[in-house]
Amino acid sequence: MNRGKIPFYLLITVLIGTGLTTAWLRHTTTEVPLIPGEQKPVWLIEGRVDFYADGGAVTVNLDLPDQAPGFRLIREQAASPGYGFAVLEDQNNRRAEWTKREAVGLQTLYYNAQYIPVDSRPIEVDIEPELQTVFWSEPQSTAARELLRGAKARSSNPASTARELIKLLNPSTADQNAELLLTKEFSRAELLVKLLNQADVPARKVMALKLEDARRRQVLQPMVELFDDGHWLLIDSMTGEQGLPQNLLLWSRGEAAQLDVLGGQNSRLTFSMIRQTVPALALSQVQFTDNLFSMLGVYSLPIEEQSMFKMLFLLPLGAMVVVFMRVMIGLKTAGTFMPILISLAFLQTSLIPGLVSFILIVGLGLLLRSYLSYLNLLLVARIATLIVLVIFLISILSLVGYQLGFNAGITITFFPMIIIAWTIERMSILWEEEGPHEVLIQGGGSLLVAVIAYLLMNVQLISHLSFNFPELNLVILALILMMGQYTGYKLSELHRFRSMSHVTDAD
Amino acid sequence: MLISPLRLSKLGMLGMNCRNRDFIGRYNRRDLYPLVDNKLLTKFLAQEHNVATPQLQFVVREQHEIVKIEQQLANMNGFAIKPAKGSGGKGIWVITHREGDHFIKSSGAEITLDDIRRHMSNTLAGLYSLGGVNDEVIVEDLIEIDDCFEGYSFEGVPDIRIVVFHGFPVMAMLRLATHASDGKANLHQGAVGVGLDLATGRCLNAVQHGMPIEEHPDTKRPLKDIKVPDWHGMLTLASRCYDMTELGYIGVDLVLDANRGPELLELNARPGLAIQVANGFGLLPRLRQIEKLNRKHYTQADERVEYVMQHFSRLD
């Protein structure tokens, strides 16, 4: 390789690298899908608090999930007429608070939240949590000690200790000690938490919500989390299953009461939930509005500008097609980048109506232009005349098309008129000087490039990528730069120089 | 229908991409382009350097000047009208003689003074110039075909294209107009291209429409017998065009006038593809050879011509 070319290849690598990395970072951090039309599941969870108000001031305090592992909150709202509502955040503990000066009778408060399932990873905890102090009544204390001795003997680490304890506490196989503890005083989960803490394993009770599609009146279920090896491990105190199952939302983790109602009684907390699917793209826009990538993305612009950018970001691809067709293939086109403009017009009109109307306009234009050459006009005046005539042609075609019931008639107006006027002028001169053959070659070449560019731009994946990941245009830029360095033969030259195959080898 | 790229590169054929990037882009300074893209500037530059060109009669620069061309043309029988910024021979009208009020073009067509006026008006407006910029019209003397080309050209003047690289003529071709090319010397319009040996000016190979031929399609004269007279003078004239323009890679179009000898017709900053087919071999080895050469030893046109006559001979 030529040493002087190293900076160039470096530049190419940097461009491709930057383009791909930025796109990948955008994909991973803002979850803009790489493929258009991707759908994502969303859980819509509705918490409902019912209580009887005493008639005075009411304060309802509901614990909210802080960092539910495996889920991400995308939206929350409360619907409770007449109540003031706020989400209070206190030392990473989020609580919803409803307040009202006077309330009587049955009150119903709603809290709605939308969660999307995400990959759960255990959250590392820096500080080892403190052990809870355990109090037992005297007979229970002995039973607990015995139970623990047995469990500890058959286990090696906190997780297995918990598993053994759950086995011992199983009502069908419980021994005397276990039965003594399994009273109504504690729930199984509370019992397990106490026993684990006594065994010097930090543990706490958590409240979890099992998510099943279209369920109503669900309540929070108690589960146990024990601290092992730097993070919390979830254990089902009934079955002994360890780890976080799918579709289990940890609503509250070891904090104070889930629900506090001041000024009311008979309070009840129930949940209903429904599973929805929403487009991943829309979801990404809702979630990451203040992300750096979103701010640098096109979606932060007004819709009108967005649609303009949609076109703009497709242009590099068209430019690349033109470069490829001219540099590598050697296709002749009328006007270097005229084909891109035509292909953009095709995007508005769709292919067949676009092609038909384009050929119609240029053909009629050529007829009119052949009359203009008798008038002996100055060039600029002639092209200006052509522009006016082209506008008339387009209007007439649109109107006729509309009256005949073709909607495509109206979209003809998307063709760049001045470009078309110039094309007609060039084609006409070409016709006079080189004959209709050359006109067909160059006109056909332009249309071929335009159609190829259109077909590429029309691929949903490509328009999705170019709009949502504009940085990918850096990759296109790199490809164009690389093609600009190509000094090999064009495909057309292999035909042009074909007679050289008769030549005997040079000495 | 296609030839393999490997075979082309073995023949040393120069492709358009390679020419544009490695030679035109590298050795032709952009600011010098107007010197060759504008025939009028080329003409003045040639006069400065004592390079012979066809005699200039007058120039039309503005639309209003077209009115008075009748007097200017009054005492001229045959003449050529050229757009100063035209390319590829576009817009060139050759008037061979007059018949009464009519002018006769080289193709035999009869035209009137009004046709000439309209043509000039179109030319001034930029019809033939790149990008449609305003242009000028050159009216100059006709070239009288030298006897040695008698029967080799149909309705047109044969011209000699020489590719000059750093002042070294590296390849030459004689272009003969045919009936198919409508009297024009453009190969892609059907003119005959005759590759010339650099040492002697004799025919190496001849093609029409990219295919080898043996005789002129209209006059049937065998092309093998062609030998350009005053070959050394031709090459020297071509070589001096490099000193004149300082463009590293140019095509020099020369004509041989029966009375005035070799004359510079025009310069071209983007030559070199068709000439290879006419010669039957590629330019690239010669270009690379000149690139490697220590060119400081060859400051004079004569020395450079000596070098190429010695090194680039294909006939023994």
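Residues numbered from 1 in each chain as written. Chains lettered and ligands numbered in written order. Predicted model: local features only at pLDDT ≥ 70, side-chain atom pairs only at ≥ 80, totals over all residues. Heavy atoms only, no water.

1. Notes on the side chain of A:N112
Counted only if it meets this: Where helices and strands are cited, they refer to DSSP runs of H or I of at least four residues and of E of at least two residues respectively, numbered from the N terminus. Pairs of residues are marked as contacts when any of their non-hydrogen atoms sit within 4.5 Å.
By secondary structure assignment, the location of A:N112 is in strand 6 (residues 104–117). The residues touching A:N112, leaving out its near neighbours within four places in the chain, are A:I45, A:E46, A:R75, A:E76 and A:Q77.

2. Details of the sheet that holds strand 1 (residues 56–60) of chain B
To keep it simple, the criterion reads: Here a strand pair is declared whenever DSSP counts at least two bridges between the two strands.
Across the sheet, which stays open at both edges, the six strands sit in the order 1-6-2-3-4-5 (chain B) with antiparallel pairing between neighbours. Both edges of this open sheet fall to strand 1 and strand 5 (110–111) of chain B, since each of them pairs with a single strand only.

3. Things to note about the sheet that holds strand 3 (residues 71–79) of chain A
All names here are of chain A. This is how the line gets drawn: Every axis in this analysis is a line fitted to C-alpha atoms, fitted for helices over the stretch in contact. Angles between the N-to-C directions lie between 0 and 180 degrees.
Read from one edge to the other, the open sheet built from five strands follows the order 3-6-1-13-8, with strand pairing classed as antiparallel. In this open sheet, the two strands that pair with only one neighbour each are strand 3 and strand 8 (215–218). Going from strand to strand, the sheet's axes swing by 20° on average, the running direction of each strand aside. Sheet analysis places strand 3 next to strand 6, joined by eight bridges and oriented antiparallel. Directly across from A79, in strand 6, lies its bridge partner Y110. Along the sheet face, helix 6 (residues 280–287) touches strand 1 (39–54), strand 3, strand 6 and strand 13 (264–279) and points at about 130° away from the line of strand 13.

4. Re the nonpolar core
For clarity, the threshold we go by: As used in this record, nonpolar core signifies buried Ala, Val, Leu, Ile, Met, Phe, Trp, Tyr and Cys residues forming a set joined through side-chain atoms within 4.5 Å. Accessible area is worked out with a 1.4 Å probe on protein chains only. A residue is then buried under 20% of its type maximum, exposed over 50%, and partly exposed in between.
With 76 residues, the main nonpolar core has B:I160, B:V194 and B:W231 as its most contacted residues. In this structure B:V194 touches B:A172, B:M173, B:L174, B:L176, B:C203, B:N205, B:A206, B:L223, B:I226 and B:A278, once residues within four positions along its chain are discounted. Grouped together as the second largest cluster of nonpolar side chains are 30 residues, A:W98, A:Y111, A:L259 and A:V261 included.

5. Description of the environment of A:L195
Residues and elements named next belong to chain A. One can find L195 in helix 5 (residues 188–198). Separated by 84 residues in sequence, L195 and P279 have C-alpha atoms that sit 47 Å apart. With near-sequence residues (within four places) excluded, L195 lies in contact with W136, A144, L147, L148, L165, L169 and L181.

6. Some details on the interface of chain A and chain B
Our working definition: Buried area is calculated as the accessible area (1.4 Å probe) missing from two parts once they are joined, with the contributions of both summed. Salt bridge, as used here: a side-chain nitrogen of Lys or Arg that lies within 4 Å of a carboxyl oxygen of Asp or Glu.
Contacts between the two partners involve 34 residues from chain A, matched on the other side by 41 residues from chain B. Note on chain A versus chain B: buried area summed over both sides is about 3300 Å², and carbon and sulfur give 57% of it. It is A:Y489, A:F497 and A:M500 in chain A that bury the most area against chain B; as a group they hold 20% of the surface buried on that side. Taken together, the connections running from chain A to chain B amount to zero salt bridges. Elements supplying a minimum of two residues to the side of chain A that touches chain B: helix 12 (379–403), helix 14 (417–434) and helix 18 (491–496) of chain A. For the side of chain A that touches chain B, the leading source of residues is helix 18 of chain A, giving five residues.

7. A few points about the environment of A:D236
Residues and elements named next belong to chain A. Assignment of secondary structure puts D236 in the loop between strand 10 (231–235) and strand 11 (248–253). Distance in space between the C-alpha atoms of D236 and F467 is 46 Å, their sequence separation being 231 residues. D236 has contacts with I166, M223 and E241, leaving out every residue within four places of it along the chain.

8. A look at a nonpolar patch on the surface
Residue and element names in this part refer to chain A. In plain terms, the rule: Within this analysis, patches are made of residues with over 30% relative accessible area and no salt bridge. Like charges are joined at 9 Å or less; nonpolar side chains (Val, Leu, Ile, Met, Phe, Trp, Tyr) at 5 Å or less. Every accessible area reported is derived by Shrake-Rupley at a probe size of 1.4 Å, with residue values counting cover from the shown protein chains alone.
There is a patch of nonpolar side chains on the surface, built from W24, L34, I35, V459 and L461 and spanning about 450 Å² of accessible area. Here L34 shows up in the loop between helix 1 (6–30) and strand 1. Residue class for L34 comes out partly exposed when judged on its relative accessible area of 31%.

9. Digging into the pattern of salt bridges
One pass over the structure, following the stated rule, counts 27 salt bridges over all chains. In this structure, A:D50 and A:R48 form a salt bridge, with 3.2 Å as the shortest nitrogen-oxygen distance. Taking the relative accessible area as the measure of exposure, A:D50 reaches 9% and is therefore buried. According to the relative accessible area criterion, A:R48 is partly exposed, its value standing at 27%. Between B:E263 and B:R260 there is a salt bridge, and its shortest N-O distance comes to 2.4 Å. Shared partners join several salt bridges into a network, and the residues in it are B:R21, B:D22, B:R26, B:R288 and B:E291.

10. What to know about the pairing of strand 7 (residues 159–165) of chain B
All names here are of chain B. Extensive coverage of strand 7 is indicated by the burial of seven of its seven residues. Going residue by residue along strand 7, you find D159, R161, V163 and F165 tucked away on one face and I160, I162 and V164 tucked away on the opposite face as well. The pairing of strand 7 with strand 8 (residues 168–176) spans seven bridges and is classified as antiparallel. Looking at strand 8, one finds that I160 is bridged to L174.

11. Quick notes on the packing of aromatic side chains
Both the distance between ring centres and the angle between the ring planes are used here to describe each pair of aromatic rings. Residue and element names in this part refer to chain A. To be explicit about the condition: A pair of aromatic rings is counted whenever rings of Phe, Tyr or Trp (Trp by its six-membered ring) have centres within 6.5 Å, and the orientation is called stacked for planes under 30 degrees apart, edge-to-face for over 60 and tilted otherwise.
On inspection of all chains with the given rule, the structure shows 17 aromatic pairs over all chains. Between F346 and Y454, the aromatic rings sit 6.1 Å apart at their centres with planes inclined by 90°, giving edge-to-face as the arrangement. Here Y454 lies in helix 15 (residues 436–458) and F346 lies in helix 10 (residues 338–349), a separation of 108 residues in the sequence. The burial state of F346 is the same as that of Y454; both residues are buried.

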